[in-house]
Each structure stands twice: as structure tokens, then as C-alpha cells.
Amino acid sequence: MTSTSSTPEIIRRYFEYASQPDAEAYFGLFADDAVVEDEGRVYRGIAEIRRWRGEVPLVSYEITNVEETPAGTVVTATITGDFPGSPFAGLRFRFEEYEDAAIRRLRIAP
């Protein structure tokens, strides 16, 4: 993972923990009522987020850009893993609602 020092700590931890097989630290980053959108599907709450993560392969992340916008922090990354089309460049992670302790809304889309 590549990161910049200006990236908020919880977002740096997201990319660090997301690539590890032990997912408990990853799930600990989310609020109980968090919402994640990925590939056009919406996952509400930790139980659904756990199911979603169980269905996707582990990948590694290379952060290529971090941008602060009025809607939140947008991280662009290249992901590499065991999936068709790997590596995939330009995937955007839109952290729309978060605080130091929890992610509340995350949208993942090209």
C-alpha cells in the first residue's frame, strides 16, 4: 500500500486492514450502522458488510491519489488480486461520512 501523510488515519488503516486475512480489525473500523456501496449493491450494517467482505477476494492496494472534496475524501487506488482484470487501476473509494473512530458511509466505484 502507498499512502500520503495527509491521508486521514482511519482511511490509512482501512487500506492496511483490508488487505489482511484477519478481518476483525477491518470490521472494527465501521460504525454499527455503516453503509457500503460496491458494484451497485448496498450493504447496511456490520452483518451485511461482513457478508460482502466474505464474498470478495483479498487484494492489495496501491493508493495513487487522495483528494478532499465537499462530499468527503476520495482515494483512487490500483487493486491487485485473484480476480478477472487484475490489476485494476482507477478504483475510487469515496469515504463520504467518517470520523476518527468510525467509517459511516463508503462508496466504491470506478
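Quick look at the structure, then. (Residues numbered from 1 in each chain as written. Predicted model: local features only at pLDDT ≥ 70, side-chain atom pairs only at ≥ 80, totals over all residues. Heavy atoms only, no water.)

A word on the overall build of the protein
Part 1 of the argument: Counting its secondary structure elements, the protein contains three helices and six strands.
Part 2 of the argument: Mapped from its N terminus to its C terminus, the protein presents α and β elements in the order α-α-β-β-α-β-β-β-β.
Part 3 of the argument: In terms of overall dimensions, the protein is globule-like: its C-alpha atoms have a radius of gyration of 13 Å, near the 13 Å expected for 110 residues.
Part 4 of the argument: Buried positions account for 38% of the 110 residues belonging to the protein.
Part 5 of the argument: Of the roughly 6,100 Å² that the protein leaves accessible, carbon and sulfur atoms contribute 47%.
Part 6 of the argument: Within the protein, one finds 12 positive and 19 negative side-chain charges whose respective centroids are separated by 4 Å. (Helix = DSSP H or I, 4+ residues; strand = E, 2+ residues; numbered from the N terminus. Rg over C-alpha atoms; globule rule 2.2 N^0.38 Å. Buried < 20%, exposed > 50% of the residue type's maximum accessible area, 1.4 Å probe, protein only. Areas by Shrake-Rupley, 256 points an atom, 1.4 Å probe, with all protein chains shown as cover. Lys, Arg positive; Asp, Glu negative; His and termini not counted. Charge placed at Lys NZ, Arg CZ, Asp CG, Glu CD.)

Observations concerning helix H3 (residues 45–55)
Part 1 of the argument: Regarding H3, the residues found buried are Gly45, Ile46, Ile49, Trp52 and Arg53. Within H3, the buried residues cover an arc of 125° as seen down the axis, which keeps them to one side. Among the exposed residues of H3, those pointing more than 90 degrees away from its buried face are Arg51, Gly54 and Glu55.
Part 2 of the argument: Packed against the buried residues of H3 are helix H1 (9–18), helix H2 (24–27), strand S1 (30–38), strand S2 (41–44), strand S3 (59–69) and strand S6 (103–109). (Arc of directions from axis to C-beta. Contact = heavy atoms within 4.5 Å.)

Describing the nonpolar core
Part 1 of the argument: Core analysis: the biggest nonpolar cluster contains 28 residues, and Tyr14, Phe15, Phe30, Phe93 and Phe95 have the highest contact counts within it.
Part 2 of the argument: Of all the elements in the fold, those that place two or more residues in this core are H1, H2, S1, H3, S3, strand S4 (72–81), strand S5 (88–98) and S6. (Core = buried A, V, L, I, M, F, W, Y, C linked by side-chain atoms within 4.5 Å.)

A short note on the pattern of salt bridges
If charged atoms from side chains of opposite charge come close, those side chains can pair.
Part 1 of the argument: All chains considered together, the criterion is met by nine salt bridges.
Part 2 of the argument: The closest approach of N and O atoms between Glu24 and Arg50, which form a salt bridge, is 2.9 Å. On the criterion of sequence distance, the pair formed by Glu24 in helix H2 and Arg50 in helix H3 is long-range, its members being 26 residues apart.
Part 3 of the argument: Assessed through its relative accessible area of 46%, Glu24 is described here as partly exposed.
Part 4 of the argument: The partly exposed category is assigned to Arg50, whose relative accessible area is 35%. (Salt bridge = Lys/Arg side-chain N within 4 Å of Asp/Glu carboxyl O.)

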